[in-house]
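# Structural features, examined
Given next are the chains, with one letter for each unit.
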Amino acid sequence: MEDCLAKKLEITVSEAEKRTGRNAVNIQETYTAYLIETRAVESQSEGQCAPVESLWRRYSEFELLRNYLSVTYPHIVVPPLPEKRADFVWHKLSADNMDPDFVERRRIGLENFLLRVASHPVLCQDKIFYAFLMQEGGWKEMVNETGFQLKADSRLKALNATFRVKNPDKRFTELKHYSDELQSVISHLLRVRARVADRLYGVYKVHGNYGRVFSEWSAIEKEMGDGLQSAGHHMDVYAASIDDILEEEEHYADQLKEYLFYAEALRAVCRKHELMQYDLEMAAQDLTSKKQQCEELATGTVRTFSLKGMTSKLFGQETPEQREAKIKVLEEQIQEGEEQLKSKNLEGRDFVKSAWADIERFKEQKNHDLKEALISYAVMQISMCKKGIQVWTNAKECFSKM
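The structure reproduced in this document is the subject of the present report. Computed from a predicted model, the values in this text were never measured in an experiment.

With respect to the helices and strands, the residue arginine 85 is situated in the loop between helix 3 (59-72) and helix 4 (100-119). For arginine 85, a relative accessible area of 53% corresponds to the exposed category.

Right under this line is the structure:
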């Protein structure tokens, strides 16, 4: 961790800007660009003012970077991006992905994504990631030249592996179930939070109504007027504070959403392991089949029914020369298959070792982050309740002086 990029480079996504341009198929579109700024940490520690490097990136470029990292490092739980469109929002909040508040929250999320990658012991060393931070022109071409798309597994193949693996690794099966449950729990928690935020909004707005009524009432009262007006003022201030509180609420929700999306990153690692196990089992099955064919040709006996065996019965046996030639070809294929199986076994063991090390690192990070988020949320709720008590305490004093 001492060599990670986050220790050497200060990374910020400092602002977002709405732009209009033409896409790949020459259609006019509106999009948001984000300004990434980097500054060397070493220069600052030596008392020098380090120059700031800056460049603009679109959300789609962040997506391309993450896709590249996911394919290139299949054994790593790659940090997720913030949502592209607003989800799990309370209904007073705009779900428009061009809404300034949403864009601001996404800017913070994109910065968090870059910091997560820069802090990762493996991902931070990737040259494409470093170029993403430093090189604006030609970056997309650089990514495409890596040929990472060719390494991406098709969804059909992944689905096939899920249902046809005969000996799945119990640890990865349990991890897959855990990630499903984590996603389900956090989704439910976010829906409950949205309902609570909606109710909270209503409570604060009702206090605004109290403020208006007390102010109107104070106008017709001579002796009680000052007390009513002061109480109304306290209610108005309390009602106006809802915007800041809901902003804090959304920040808490975004912390939870990150782990909602992390659940899919965990499943991606599990799917990759399933694919490797499926390829290994298919290779072993193919090798067994070739060894059986070779044995049948050598002994002249057919253990199982086959079209080839039926053909030889109908049209006569092969000549010894033909049989020898086929045996030789099969022996070469068997040798090649054994090498391939050995290589796949080694690759599988390396994958499990690397993946499990990263999963353990992720679990530690997750436990720390979610604990902090939940404590912060509890502190925020306590603070809100204290403000409410204080408002009514102030109102009580105002009424007492009437």
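On the surface, Asp101, Asp243, Asp244, Glu247 and Glu248 cluster together to form a negatively charged patch. Looking at the negative patch, the element that brings in the most residues is helix 11 (residues 242-299), giving four residues. Along the polypeptide, aspartate 243 turns up in helix 11.

One can describe the packing of helix 9 (residues 170-218) onto helix 13 (residues 320-400) by two numbers: an axis separation of 13 Å at closest approach and a directional angle of 15 degrees. Our classification of the angle between helix 9 and helix 13 gives roughly parallel. Considering only the axes of helix 9 and helix 13, their crossing is left-handed. The segment helix 9 lies against helix 13, with Arg171, Phe172, Leu175, Tyr178, Arg193, Val196, Leu200, Tyr204, His207, Tyr210 and Phe214 engaging Phe351, Val352, Ala355, Trp356, Ile359, Lys366, Tyr377, Met384, Trp392 and Phe399. Of the residues in the contact of helix 9 with helix 13, the class split is 17 nonpolar, one polar and three charged.

Bringing the environment of methionine 142 into the picture now. Locating methionine 142 in the fold gives a position in helix 6 (residues 139-145). Relative accessible area serves as the criterion here: at 27%, methionine 142 is assigned to the partly exposed category. Each C-alpha atom of the pair methionine 142 and isoleucine 128 lies 7.5 Å from the other, and the pair is 14 residues apart in sequence. Sequence-distant contacts of methionine 142, defined by excluding residues within four places in its chain, comprise Ile128, Ala131 and Gln135.

All told, the structure shown has 15 aromatic pairs when counted by the stated rule. Taking the centre distance of 5.8 Å and the plane angle of 85 degrees together, the rings of tyrosine 68 and phenylalanine 148 count as edge-to-face. Taken together, the residues span a long stretch of sequence, with tyrosine 68 in helix 3 and phenylalanine 148 in helix 7 (residues 148-151) at a distance of 80 residues. Residue class for tyrosine 68 comes out buried when judged on its relative accessible area of 6%. Among the residues examined, phenylalanine 148 registers a relative accessible area of 6% and is labelled buried. With a centroid separation of 5.5 Å and 90 degrees between ring planes, the pair formed by tyrosine 210 and tryptophan 392 is classed as edge-to-face. A residue pair is termed long-range when its members are at least 10 positions apart, and tyrosine 210 in helix 9 and tryptophan 392 in helix 13 qualify at 182 residues. Take tryptophan 392: its relative accessible area is 36%, and that puts it in the partly exposed class. The structure contains a cluster of three or more aromatic residues connected by ring pairs, namely Tyr34, Phe62, Phe113, Phe132 and Trp139. Sitting over the face of the ring of tyrosine 31, arginine 58 holds its NZ or CZ atom 3.8 Å from the ring centroid.

Ranked by internal contacts, the top residues of the largest apolar core, which has 42 residues, are Val77, Phe172, Ile186, Tyr204, Val269 and Ile359. Contributions of two or more residues to this core are made by helix 9, helix 10 (225-240), helix 11 and helix 13. Here this core takes 15 residues from helix 11, the largest share from any one element. In this structure isoleucine 359 touches Val77, Phe172, Leu175, Leu266 and Val269, once residues within four positions along its chain are discounted.

Glancing now at helix 10. Between its first and last C-alpha, helix 10 extends 22 Å over 16 residues, near the 22 Å set by a 1.5 Å rise per residue. For helix 10, the complete set of buried residues consists of Gly225, Gly227, Leu228, Ala231, Gly232, Met235, Tyr238 and Ala239. Each buried residue of helix 10 sits inside an arc of 165 degrees when the element is viewed along its axis, so together they form one side. In this structure, helix 10 carries Asp226 and Ala240 as exposed residues pointing more than 90 degrees from its buried face. Next to the buried residues of helix 10 lie helix 9, helix 11 and helix 13.

Glancing now at the pattern of salt bridges. Tallied over the full model, the rule gives 25 salt bridges. Lysine 257 is the salt-bridge partner of aspartate 254, the closest N and O atoms lying 4.0 Å from each other. Of this pair, aspartate 254 and lysine 257 both sit in helix 11, three residues apart, which is roughly one turn of the helix. Its relative accessible area of 23% is what places aspartate 254 among the partly exposed residues. The exposure class assigned to lysine 257 is buried, which follows from its relative accessible area of 2%. Among the ionic pairs, lysine 290 bridges to aspartate 286, the shortest N-O distance being 3.1 Å. Of this pair, lysine 290 and aspartate 286 are both found in helix 11, four residues apart, which corresponds to roughly one turn of the helix. A relative accessible area of 40% places aspartate 286 in the partly exposed class. Through salt bridges with shared partners, a single ionic network connects Glu83, Arg105, Arg193, Glu249, Glu250, Asp254 and Lys257.

This next bit is on the pairing of strand 2 (residues 28-40). Both strand 1 (residues 9-22) and strand 2 contribute to a ladder of 13 bridges, which runs antiparallel. Bridging from a neighbouring strand, valine 13 pairs with isoleucine 36 of strand 2. One ladder, built from six bridges, connects strand 2 with strand 3 (residues 53-58); its direction is antiparallel. By the bridge assignment for strand 3, alanine 33 is matched with arginine 58.

What counts as what
- Residues numbered from 1 in each chain as written.
- Predicted model: local features only at pLDDT ≥ 70, side-chain atom pairs only at ≥ 80, totals over all residues.
- Heavy atoms only, no water.
- Helix = DSSP H or I, 4+ residues; strand = E, 2+ residues; numbered from the N terminus.
- Buried < 20%, exposed > 50% of the residue type's maximum accessible area, 1.4 Å probe, protein only.
- Patch = residues over 30% accessible without salt bridge, like charges linked within 9 Å, V, L, I, M, F, W, Y side chains within 5 Å.
- Areas by Shrake-Rupley, 256 points an atom, 1.4 Å probe, with all protein chains shown as cover.
- Salt bridge = Lys/Arg side-chain N within 4 Å of Asp/Glu carboxyl O.
- Lys, Arg positive; Asp, Glu negative; His and termini not counted.
- Charge placed at Lys NZ, Arg CZ, Asp CG, Glu CD.
- Axes fitted to C-alpha atoms, helices over the stretch in contact; angles between N-to-C directions.
- Parallel < 35°, antiparallel > 145°, perpendicular 65-115°, else oblique.
- Left-handed = near helix turned anticlockwise from the far one by under 90°.
- Contact = heavy atoms within 4.5 Å.
- Nonpolar A, V, L, I, M, F, W, Y, C, P; charged D, E, K, R; others polar.
- Phe/Tyr/Trp six-rings, centres within 6.5 Å; stacked < 30°, edge-to-face > 60°.
- Lys NZ or Arg CZ within 6 Å of the ring centre and 35° of its normal.
- Core = buried A, V, L, I, M, F, W, Y, C linked by side-chain atoms within 4.5 Å.
- Expected span 1.5 Å × (residues − 1).
- Arc of directions from axis to C-beta.
- Pairing = 2+ DSSP bridges.

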